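Listed here are the chains, written in short residue letters.
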Amino acid sequence: MKQIKNILPVLCFVICVFFISGCNAGKNSGAKIWNVAVIHKDTHPETLAMVKMGEIFAQLTDGRYRFEVFPNELLGPQRETLEQVQYGIIEMAVIGNPNISSFVDGFLTFEMPFLFNDLEHQKKFFETGFTAPLFKQTEKFNFRIITYFTGGTRNMYSHKPIRGLADLKGMKIRTAESDTYSKMMKALGGAATPMSFGEVFTAIQSKVVDGAENNEPSYNNSKHYEVAPYYSYTKHLIVPDYLIVNAKVYNSLSDADKKAFQEAAKRAEEYERELWTKEETKSMEEAVKGGAKVIKDVDIESLRNAVAPLHAELCKNPYIKKVYDAVRETADK
Ligand code: GTR
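Predicted model, so just to flag it, every value in this text is computed and none were measured. Here, residues in each chain are numbered from 1, in the same order as that chain's written sequence. Totals for whole chains, interfaces and linings use all residues, but because this is a predicted model, local features are given only for residues with pLDDT of at least 70 and pairs of side-chain atoms are given and counted only at 80 or more. Side-chain descriptors were evaluated using all non-hydrogen atoms of the structure, hydrogens and water having been removed beforehand.

### What to know about the sheet that holds strand β4 (residues 143-149)
Operational definition: In short, DSSP must find at least two bridges between two strands for them to pair. Helix numbering and strand numbering both begin at the N terminus, where a helix is a DSSP run of H or I of at least 4 residues and a strand a DSSP run of E of at least 2. Axis definition: a line fitted to C-alpha atoms, over the contacting stretch in the case of helices. Angles run 0 to 180 degrees between N-to-C directions. When checking whether two residues touch, look at their non-hydrogen atoms; a contact exists if any pair is within 4.5 Å.
Pairing is mixed across the open sheet formed by 5 strands, whose spatial order is β2-β1-β3-β10-β4. The sheet is open, and its two borders are formed by β2 (65-70) and β4, each paired with just one other strand. The sheet shows a mean angle of 25° between the axes of neighbouring strands, taken without regard to direction. Judged from the 2 bridges that link them, strand β1 (residues 32-37) and strand β3 (residues 92-96) form a sheet pairing that is parallel. Within β3, the position partnered with Val-36 by the bridge is Met-92. Contacting β1, β2, β3, β4 and β10 (241-246), helix α12 (residues 255-289) runs over the sheet at an angle of about 35° to β4.

As structure tokens, then:
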């Protein structure tokens with residue numbers, strides 16, 4: 001059994017390499033191909049932004065580079081694609097904050113519930129450039145963060161409405177794999193069941209969990225409304241995703257190509273944000289057609305008060321506190 005466990009990662013690696021080279025076969029017109037993993041479907045703003053970035057980067061480098069974007073968890077869950085980037089099996093991936101915060105503490109700040117007031121606040125904060133030295137800290141782990149993508153506002157969903165703290169009592173809610181989320185769910189009177197995104201539908205269906213929490217596009221695209229029809233606007237988390245690239249691959253670019261790459265990333269970031277709001281609305285309309293019921297009268301204050309001690313606890317770490325203060329300074333008073 002132990003032996004099988006040991007060869008599994010190697011097997012996954014070999015399958016990935018065959019899969020990627022198979023997909024790229026015959027398409028190479030002399031351009032260097034950079035493979036990009038995105039867990040979302042092909043019409044999701046993050047996937048579209050990466051396709052767009054590929055086009056811009058190709059244009060700016062006279063076609064010397066081409067992106068091959070793999071959506072739908074085709075290359076595996078985020079944690080695995082992050083490892084693939086670290087080992088240089090693929091060049092890039094879009095990765096959620098919880099997978100990054102396990103490397104660098106400062107990122108834990110972004111997992112605090114009710115940290116950002118809204119998406120505008122999130123944008124304003126990232127525009128300050130405060131995160132540049134924070135992003136730099138991942139390079140020693142062989143990957144570089146190029147930019148952030150908004151991951152929208154996350155809300156809870158279940159087989160019953162969640163209108164306030166009392167409704168969460170004893171509920172098992174799937175979260176992404178993060179210690180902070182486990183503490184958050186505990187403070188809210190429930191319990192977090194961490195697992196990867198692709199496992200959520202079956203976990204709700206088989207009643208391993210009572211529900212989950214995510215933004216509207218993820219709720220709709222994964223058809224979670226079929227098994228958890230009450231989508232309650234708890235607005236508890238606004239957490240970024242990041243575009244990461246293998247550090248060696250990035251450093252191998254000439255200065256001019258690095259500039260082109262950064263320019264393409266900047267435009268992709270803006271494009272993703274531009275698509276986001278429309279996608280939120282469209283996703284909820286589709287989910288409602290599929291049977292979702294939207295709950296808007298949520299006592300958000302009861303949730304905010306319950307998790308307040310978590311801010312204080314995390315801020316005992318001076319670096320987290322520094323990031324926290326910088327975020328709060330950019331909030332509209
Ligand atoms: C998505 C987000 C991912 C990941 C996922 C999840 O909305 O874009 O980065 O966090 O949710 O819940 O696992």
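### Considering the packing of aromatic side chains
Rules: Side-chain rings of Phe, Tyr and Trp, where Trp is taken by its six-membered ring, are said to pair if the distance between their centres is within 6.5 Å; with planes under 30 degrees apart they count as stacked, over 60 as edge-to-face, and otherwise as tilted. Using a 1.4 Å probe on the protein chains alone, a residue whose accessible area is under 20% of its type maximum counts as buried, one over 50% counts as exposed, and one in between counts as partly exposed. Whether a charge sits over a ring depends on NZ of Lys or CZ of Arg being within 6 Å of the ring centre and within 35 degrees of the ring normal.
The final tally for this structure, using the stated rule, is 27 aromatic pairs. With a centroid separation of 5.8 Å and 20° between ring planes, the pair formed by Tyr-157 and Tyr-231 is classed as stacked. Highlighted residues: Tyr-157 in strand β5 (residues 154-158) and Tyr-231 in strand β9 (residues 230-237), separated in sequence by 74 residues. We classify Tyr-231 as buried; its relative accessible area is 0%. What links up through ring pairs into an aromatic cluster is the set Phe-107, Phe-110, Phe-116, Phe-125, Phe-126, Phe-130, Phe-135, Tyr-148 and Tyr-242. Its guanidinium or amino end placed over the ring of Tyr-271, Lys-52 lies 4.4 Å from that ring's centre, counting from NZ or CZ. Above the face of the Tyr-230 ring, Lys-293 is positioned so that its terminal group lies 5.7 Å from the ring centre.

### Some thoughts on the site of the ligand
Here is the rule we go by: Here a residue counts as near a molecule or strand whenever at least one of its heavy atoms sits within 4 Å of it. For the purposes of these results, a polar contact is taken to be a pair of N or O atoms within 3.5 Å, where, inside protein, one atom must be able to donate a hydrogen and its partner to accept one; residues adjacent in sequence count only when each atom of the pair is a side-chain atom. Method for areas: the Shrake-Rupley scheme with a 1.4 Å probe, in which residue coverage is limited to the protein chains shown. Cavities and pockets were defined on a 1 Å grid built from protein atoms only: a cavity is a group of points that admits a 1.4 Å probe but offers it no way out, a pocket is an open group of points flanked by protein on both sides within 12 Å along at least five of seven lines, and a lining residue is one with an atom within 4 Å of any such point. For a cavity or pocket, the test is whether more than half of a molecule's atoms lie within 2 Å of its grid points; if they do, the molecule sits there. Residues are sorted three ways: Asp, Glu, Lys and Arg are charged, Ala, Val, Leu, Ile, Met, Phe, Trp, Tyr, Cys and Pro are nonpolar, and all the rest, Gly among them, are polar. Note that the domain bounds were set by an automatic or database domain assignment.
Taken together, His-40, Gln-78, Gly-96, Arg-154, Arg-174, Phe-197, Asn-214, Asn-215, Ser-218 and Asp-241 make up the full set of residues near the ligand. One nitrogen or oxygen atom from the side chain of His-40 is found 2.9 Å from an oxygen atom belonging to the ligand. Contacts to the ligand include Gln-78, whose side-chain N or O atom sits 2.9 Å from an oxygen atom. Expressed as a share of its isolated accessible area of 320 Å², the protein-covered part of the ligand is 94%. With respect to the detected pockets, the ligand is housed in the largest cavity. Of the residues belonging to the shell around the ligand, the class tally is 1 nonpolar, 6 polar and 3 charged. Both domain 1 (2-150 + 240-278) and domain 2 (154-238 + 282-328) contribute no fewer than three residues apiece to the shell around the ligand.

### Focus on the layout of surface pockets
Test applied: Grid points are joined across faces, edges and corners, and a volume is the space filled by probe spheres set on the points.
In this model, the second largest pocket occupies a volume close to 300 Å³. Along the wall of the second largest pocket there are 15 residues; nearest its centre are Asn-117, Asp-118, Thr-153, Lys-235 and Ile-238. For the lining of the second largest pocket, the elements supplying multiple residues, two or more each, are β9 and α13 (300-314). Residue classes in the lining of the second largest pocket are distributed as 6 nonpolar, 3 polar and 6 charged. Taken domain by domain, the lining of the second largest pocket gets at least three of its residues from each of domain 1 (2-150 + 240-278) and domain 2 (154-238 + 282-328).

### Examining the packing of helix α8 (residues 179-187) against α13
Heads up, the rule is: When the near helix sits turned anticlockwise from the far one by under a right angle, the crossing is termed left-handed; a clockwise turn instead gives a right-handed crossing.
Axis separation between α8 and α13 bottoms out at 8 Å; the angle between their running directions is 145°. As α8 runs across α13, the sense of the crossing is right-handed. Where α8 abuts α13, its residues Thr-180, Lys-183, Met-184 and Ala-187 lie against Ala-306, Val-307, Leu-310, Glu-313 and Leu-314. A breakdown of the residues in the contact of α8 with α13 according to their chemical character gives 6 nonpolar, 1 polar and 2 charged.

### Thoughts on empty space enclosed by the protein
Tallied over the full model, the rule gives 2 cavities of 30 Å³ or more. If you trace the largest cavity, you find 28 residues lining it, with Ile-39, Gln-78, Gly-96, Arg-154 and Ala-176 closest to the centre. Of all the secondary-structure elements, those providing two or more residues to the lining of the largest cavity are α3 (78-86) and α4 (97-101). In terms of residue count, α4 provides more of the lining of the largest cavity than any other element does, 3 residues in total. Residue composition of the lining of the largest cavity, grouped by class: 10 nonpolar, 11 polar and 7 charged.

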